[in-house]
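Topology and contacts: notes
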Amino acid sequence: MNKLFVFVALSFFAFATKAQSYPEMIIVEGGTFDMGDEQGIGEADEQPVHPVTLKTFSIAKTETTVLQWKTYCDATGRKMPDPPSWGWIDSHPIVNVSWDDAVAYCDWMSDKTGKICRLPTEAEWEYAARGGKKSKGFKFSGGQSIDLTGWYKENSGDKTNSVAQKRANELGLYDMSGNVWEWCEDWYGDYSAGAQTNPKGAKSGGFRVLRGGSWFLASTYCRVASRSLMMPSFRYYYYGFRMVFIE
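Being a predicted model, the structure only gives us computed values, none of them experimental.

The next point concerns the sheet that holds strand E10 (residues 239-240). Strand order in the open sheet made by the four strands is E9-E8-E6-E10, with mixed pairing throughout. Looking at which strands have only one partner, the edges of the open sheet turn out to be strand E9 (227-230) and E10. Across four bridges, the pairing between strand E8 (residues 208-211) and E9 is antiparallel. By the bridge assignment for E9, Val209 is matched with Leu229.

In structure tokens:
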């Protein structure tokens, strides 16, 4: 077993319980990949395809769940967001959280662990969704079939679903295609054609990046290259997140 993984599992989440009250992290070995719509089937903002090099990081195995958010609220006295029409189900991803809410959760985890916890950059998110250095070039995160890899409009039953029920991707990550849109750290902006190393997106803006598609939308929005944007204060019943850990 990878020694770094053991260290992270023991020191970073030693307090985690079998009920998964805290995120389980997966190491993503750094490398270089082509970011953007290499298949030429997406929107204009997914171009130009450009090489990106990233350092090693860890990312949550699943989207932040209702149970994990409840744990945060119980510890801080924070009020739960308004529930979706199907109610709160512990194993489902948390929804109705803004970018600001997600950042507050990551800050709390940083304080709790003494480690750097934050939202993924857009480049980190896409690299992880593609499977990192183990990528097989799939259209969706984990395969060519969205029905096997994620929850979207045609199979979701008009709601979120329990995390980690569909096929994992090459790194063992779940639901990076579908279930809920995931907030990223970056301000939304146009891609540049040049090679980049550990990019952080636009320097400023009015909208933050969202990735991964959701239970509410068609499969095309669940592709690993697909992008969306929203004001950081906005909450909705298909917006959620997962966090990253930086050594």
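With 31 residues, the main nonpolar core has Trp69, Tyr105, Trp183 and Phe241 as its most contacted residues. When residues in this core are grouped by element, the largest group, six residues, is from helix H3 (residues 99-113). Other than its neighbours up to four places away in sequence, Trp69 contacts Thr64, Arg78, Met80, Pro81, Ile94, Val97, Asp101, Tyr105 and Phe241. The next biggest cluster of nonpolar side chains, apart from the first, holds 22 residues, and it includes Phe33, Met35, Val52 and Val244.

Sheet architecture is open: three strands sit in the order E2-E3-E7, paired in mixed fashion. The open sheet has two free edges, formed respectively by strand E2 (31-35) and strand E7 (196-197), since each of these has just one partner strand. Sheet analysis places E2 next to strand E3 (residues 50-54), joined by five bridges and oriented antiparallel. In the strand pairing of E3, Met35 is matched with His50.

Another point: helix H4 (residues 122-130). Counting buried positions along H4 gives nine out of nine residues, so the element sits mostly inside the fold. Along H4, the residues that are buried comprise Glu122, Ala123, Glu124, Trp125, Glu126, Tyr127, Ala128, Ala129 and Arg130. The first or second residue beyond H4 is Gly131, which carries a positive phi of 100°.

Here the bond from Gln47 into Pro48 is cis, since omega is -5°, no more than 30 degrees from zero. With respect to the secondary-structure elements, Pro48 resides in the loop between E2 and E3. Positioned with a positive phi, Asp158 is a non-glycine residue whose angle comes to about 60°. By the element assignment, Asp158 lies in the loop between helix H5 (146-149) and strand E6 (181-187). Looking at Asp158, the relative accessible area reads 57%, which means it is exposed.

So, about the pairing of strand E4 (residues 57-60). Every regular strand shows the same layout, with side chains that alternate between the two sheet faces. Because side chains alternate across E4, one face comprises the buried residues Phe57 and Ile59, and the other comprises Ser58 and Ala60, equally buried. Note: strand E1 (residues 25-28) against E4, four bridges, orientation antiparallel. Its bridge partner being in E4, Ile26 is matched across the sheet by Ile59. Of the strand pairs in this sheet, E4 and strand E11 (residues 244-246) are connected by two bridges, and their pairing is antiparallel. Bridge pairing in E11 links Ile59 to Val244.

The next subject is the environment of Ala168. With respect to the element layout, Ala168 can be found in the loop between H5 and E6. By relative accessible area, which is 23% here, Ala168 ends up partly exposed. Between the C-alpha atom of Ala168 and that of Gly206, which follows or precedes it by 38 residues, the distance is 33 Å. Once you skip the residues sitting within four places of it in the chain, Ala168 turns out to touch Gly142, Leu173 and Tyr174.

Summed over the entire model, instances satisfying the criterion amount to 23 aromatic pairs. Ring centres of Tyr72 and Tyr105 lie 5.4 Å apart, and the angle between their planes is 85°; on these two criteria the pair is classed as edge-to-face. With Tyr72 in helix H2 (residues 66-76) and Tyr105 in helix H3, the pair connects residues that are 33 residues apart, well separated along the chain. Taken individually, Tyr72 and Tyr105 each receive the classification buried, so the pair is uniform in this respect. Among the aromatic residues, those joined into a ring-pair cluster are Trp86, Trp183, Trp215, Phe216, Phe234, Tyr236, Tyr237, Tyr238 and Tyr239. Of note, Lys166 hangs over the ring of Trp151, and the distance from its end group to the ring centre comes to 4.4 Å.

Definitions and cut-offs
Residues numbered from 1 in each chain as written. Predicted model: local features only at pLDDT ≥ 70, side-chain atom pairs only at ≥ 80, totals over all residues. Heavy atoms only, no water. Pairing = 2+ DSSP bridges. Helix = DSSP H or I, 4+ residues; strand = E, 2+ residues; numbered from the N terminus. Core = buried A, V, L, I, M, F, W, Y, C linked by side-chain atoms within 4.5 Å. Buried < 20%, exposed > 50% of the residue type's maximum accessible area, 1.4 Å probe, protein only. Contact = heavy atoms within 4.5 Å. Phe/Tyr/Trp six-rings, centres within 6.5 Å; stacked < 30°, edge-to-face > 60°. Lys NZ or Arg CZ within 6 Å of the ring centre and 35° of its normal.

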